[in-house]
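Each chain, written out:
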Amino acid sequence: MRRISASLFIALDGVVEAPDQWHFPYFNEEMGAAVSSSLSAADTMLFGRVTYDSFAGAWPEREAAGGEDAGFAKVLGDVRKIVVSRSPLEFTWRNSEQMQGDFVEAVTALKNEPGGDIGLSGSPSVVRQLLAAGLLDELILFVHPIAVRKGIKLFDEGTPSVPLELLSSQAFSTGVLHLVYGPAEAGGKVGYDEVKSRLPQP
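Residues numbered from 1 in each chain as written. Predicted model: local features only at pLDDT ≥ 70, side-chain atom pairs only at ≥ 80, totals over all residues. Heavy atoms only, no water.

K.L.:
Quick one: what's the story with helix 1 (residues 29-40), residue by residue and with numbers?
P.N.:
In this model, helix 1 (12 residues) spans 16 Å end to end at C-alpha, consistent with the 16 Å of a helix rising 1.5 Å per residue. Considered for burial, the residues of helix 1 that qualify are Met31, Gly32, Ala34, Val35, Ser38 and Leu39. Looking straight down helix 1, one finds that the buried residues subtend no more than 165 degrees of arc, so they occupy a single side. In this structure, helix 1 carries Glu29 and Ser40 as exposed residues pointing more than 90 degrees from its buried face. Among the structural elements, strand 1 (4-11), strand 2 (42-48), helix 4 (70-78), strand 6 (138-144) and strand 8 (177-183) are those in contact with the buried residues of helix 1. (Helix = DSSP H or I, 4+ residues; strand = E, 2+ residues; numbered from the N terminus. Expected span 1.5 Å × (residues − 1). Buried < 20%, exposed > 50% of the residue type's maximum accessible area, 1.4 Å probe, protein only. Arc of directions from axis to C-beta. Contact = heavy atoms within 4.5 Å.)

K.L.:
Account for the packing of aromatic side chains, naming residues and giving values.
P.N.:
Under the counting rule described, the total for this entry stands at seven aromatic pairs. On the basis of an interplanar angle of 70 degrees and a centroid distance of 5.6 Å, the ring pair of Phe9 and Phe142 is categorised as edge-to-face. Placement of the pair is Phe9 in strand 1 and Phe142 in strand 6, with a sequence separation of 133 residues. For Phe9, a relative accessible area of 22% gives the class partly exposed. Accessibility expressed as a relative area gives 0% for Phe142, which makes it buried. Each ring, one from Tyr52 and one from Trp93, has its centre 5.8 Å from the other, and the planes form 40 degrees; the classification is tilted. Here Tyr52, found in helix 2 (residues 49-56), pairs with Trp93, found in the loop between strand 3 (80-84) and strand 4 (96-98); they are 41 residues apart in sequence, far enough to count as distant. Judged on exposure class, the residue Tyr52 and its partner Trp93 are both buried. It is Lys81 that lies over the ring of Trp93; its NZ or CZ is 4.6 Å from the centre. (Phe/Tyr/Trp six-rings, centres within 6.5 Å; stacked < 30°, edge-to-face > 60°. Lys NZ or Arg CZ within 6 Å of the ring centre and 35° of its normal.)

Structure, rendered in structure tokens:
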């Protein structure tokens, strides 16, 4: 079964909206290598409409311009891109299509298809749906040392908790934390009896 891996830039206060307004001062070679690595195994990408529109409005032009990031732009152009949206969409970026039918059924079928990993970049609404359905295999967070204090956050209030297990962590020289999480086993919660057994006994 194919794996789904989501990667997001996130502020200390949980904001993930409009990272172009606060992310770039923290970008360096460490982060560039980590971002490229997280997408290198993917031959398919899922997008929410807003994130897709942002990517489609920038990366085709960068590929055509032939600058230093043209290679990465070509990679993004070549992969299969599936956009989650309730409204009908028209595409000009190659290899783009709209997800059809029920979200959980469509993603489950996609995971069962032959192929490489399925990646996400941004698209917090899609990430939330994948986590709620138990379909996300890896959540990669680039935690920036800034409190943005406005904008959409990764997790909504009032929704069920989402237990995760930390798989790896790395601190970049900029203060950004590169954290990789996976689904926690058995709900990800240590039972009361187990906690009690770990405590010093009187």
